Amino acid sequence: AQSVTQLDSQVPVFEEAPVELRCNYSSSVSVYLFWYVQYPNQGLQLLLKYLSGSTLVKGINGFEAEFNKSQTSFHLRKPSVHISDTAEYFCAVSGAPGGYNKLIFGAGTRLAVHP
Amino acid sequence: DGGITQSPKYLFRKEGQNVTLSCEQNLNHDAMYWYRQDPGQGLRLIYYSQIVNDFQKGDIAEGYSVSREKKESFPLTVTSAQKNPTAFYLCASSPSGATSETQYFGPGTRLLVL
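Here's a quick rundown of the structure. (Residues numbered from 1 in each chain as written. Chains lettered and ligands numbered in written order. Predicted model: local features only at pLDDT ≥ 70, side-chain atom pairs only at ≥ 80, totals over all residues. Heavy atoms only, no water.)

1. Describing the sheet that holds strand β7 (residues 64–66) of chain B
Residues and elements named next belong to chain B.
Link 1 in the chain: Pairing within the open sheet is antiparallel, and its four strands lie in the order β1-β3-β8-β7. Single-partner strands in this sheet number two, and they are β1 (4–7) and β7. Across the sheet, the mean angle from the axis of one strand to that of its neighbour is 20 degrees, orientation sign disregarded.
Link 2 in the chain: Where β7 and strand β8 (residues 76–78) come together, three bridges link them in antiparallel fashion. Paired with Tyr64 across the bridge in β8 is Val78. (Pairing = 2+ DSSP bridges. Helix = DSSP H or I, 4+ residues; strand = E, 2+ residues; numbered from the N terminus. Axes fitted to C-alpha atoms, helices over the stretch in contact; angles between N-to-C directions.)

Spelled out as structure tokens, the structure:
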């Protein structure tokens, strides 16, 4: 079975500092990996996704993530955060046997950017 | 603008009552999904549909029912059999249901029990 572990439930950081949100997954098959962002009381919005090819994926709002197959990780990074990046971030994996687009989500990481 | 709408934004349920959450999309997507979000648990799949008049149970379907009579609409009913319905419910869609596709989410409905 597939699973996703987000290693930090909360990450506090000061504005303009770099940040890394960690995500590890387990799967017996090749997977696709996603990062979504959720602002308070809103739906989820895609930040970036890895399907194949280059292991460094760039997304919206200056975020990027690196797929590491040997470590089964897909950590999200931003070199300089803004107050507006305060939100909850979800890592997700798809590609489960059966063919349909079932997303398995991690529990989320709450990023709090302080001035 | 294309997107997904969910209504109502807040919904209150009394004991023993069935309630229905609306989800409509104008993205011309074939696949639609319902997720439940609880604090600290991420999102869990309730039901999904890859085509009109067909839907499948997800991981936590007990106490819920759906219909897919139109491509644009995928309503979710929370029945009285669902003993712990308080949660944030999110509807999503994707073009065809392929595993590489991005899912697009609505703004959510928060269900509270009176």
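Additional details are given in the paragraphs that follow.
2. With respect to the side chain of Gln82 of chain B
Link 1 in the chain: Relative to the assigned elements, Gln82 of chain B resides in the loop between β8 and β9 (87–94).
Link 2 in the chain: Of the polar contacts made by the side chain of Gln82 of chain B, one reaches the backbone nitrogen of Asn84 of chain B; its length is 3.0 Å. (Polar contact = N/O pair within 3.5 Å; in protein donor to acceptor, adjacent residues only side chain to side chain.)

3. Description of the nonpolar core
Link 1 in the chain: One finds Leu33, Trp35, Leu47, Leu48, Phe74, Leu76 and Tyr89 of chain A to be the most contacted residues of the largest nonpolar core, which totals 29 residues.
Link 2 in the chain: Not counting the four nearest positions on each side in its chain, Leu48 of chain A is found in contact with Leu33, Phe34, Trp35, Val57, Lys58, Gly59, Phe63, Glu64, Ala65, Phe74 and Leu76 of chain A.
Link 3 in the chain: Counting 20 residues, the second largest nonpolar core, distinct from the first, contains Leu21, Ala61, Val66 and Val78 of chain B. (Core = buried A, V, L, I, M, F, W, Y, C linked by side-chain atoms within 4.5 Å. Buried < 20%, exposed > 50% of the residue type's maximum accessible area, 1.4 Å probe, protein only. Contact = heavy atoms within 4.5 Å.)

4. With respect to unusual backbone geometry
Link 1 in the chain: Omega for the peptide link from Ser7 of chain B to Pro8 of chain B comes to -5 degrees, which places this bond in the cis form.
Link 2 in the chain: Position of Pro8 of chain B relative to the elements: it lies in the loop between β1 and β2 (10–13).
Link 3 in the chain: Unlike most non-glycine residues, Thr72 of chain A shows phi in positive territory, near 45 degrees.
Link 4 in the chain: Its place among the elements puts Thr72 of chain A in the loop between β8 (64–68) and β9 (73–78).
Link 5 in the chain: On the basis of relative accessibility, which here comes to 30%, the residue Thr72 of chain A falls in the partly exposed class.
Link 6 in the chain: Although it is not a glycine, Asn28 of chain B sits at a positive phi angle of roughly 60 degrees.

5. A few points about the pattern of salt bridges
Close approach of charged atoms allows side chains with opposite charge to pair.
Link 1 in the chain: The full count for this structure, using the stated rule, is 10 salt bridges over all chains.
Link 2 in the chain: The salt bridge partner of Arg22 of chain A is Asp8 of chain A, with a shortest N-O separation of 3.0 Å. Of this pair, Arg22 of chain A sits in the loop between β3 (19–21) and β4 (23–26) while Asp8 of chain A sits in the loop between β1 (3–6) and β2 (10–14); the two residues are 14 residues apart in sequence, bridging distant segments of the chain.
Link 3 in the chain: Note that Asp38 of chain B is salt-bridged to Arg44 of chain B, the shortest N-O span being 2.8 Å.
Link 4 in the chain: A single network of salt bridges, built from pairs that share partners, joins Glu20, Glu66 and Arg77 of chain A. (Salt bridge = Lys/Arg side-chain N within 4 Å of Asp/Glu carboxyl O.)

6. Looking at the packing of aromatic side chains
Link 1 in the chain: Here the structure, examined in full by the defined rule, presents 13 aromatic pairs over all chains.
Link 2 in the chain: When the ring of Tyr36 of chain A is compared with that of Phe105 of chain A, the centres are 6.1 Å apart and the planes differ by 50 degrees; the resulting orientation is tilted. Here Tyr36 of chain A is found in strand β5 (residues 32–38), whereas its partner Phe105 of chain A is found in strand β11 (residues 104–105), with 69 residues between them in sequence.
Link 3 in the chain: The exposure class of Phe105 of chain A is buried, given its relative accessible area of 7%.
Link 4 in the chain: Grouping aromatic residues by their ring pairs yields a cluster made of Phe34, Tyr36, Phe90 and Phe105 of chain A together with Tyr33, Tyr35 and Phe105 of chain B.
Link 5 in the chain: When the ring centre of Phe74 of chain B is taken as origin, the NZ or CZ atom of Arg68 of chain B, which lies over that ring, is 6.0 Å away. (Phe/Tyr/Trp six-rings, centres within 6.5 Å; stacked < 30°, edge-to-face > 60°. Lys NZ or Arg CZ within 6 Å of the ring centre and 35° of its normal.)

Just distances and angles here, no functional claims.
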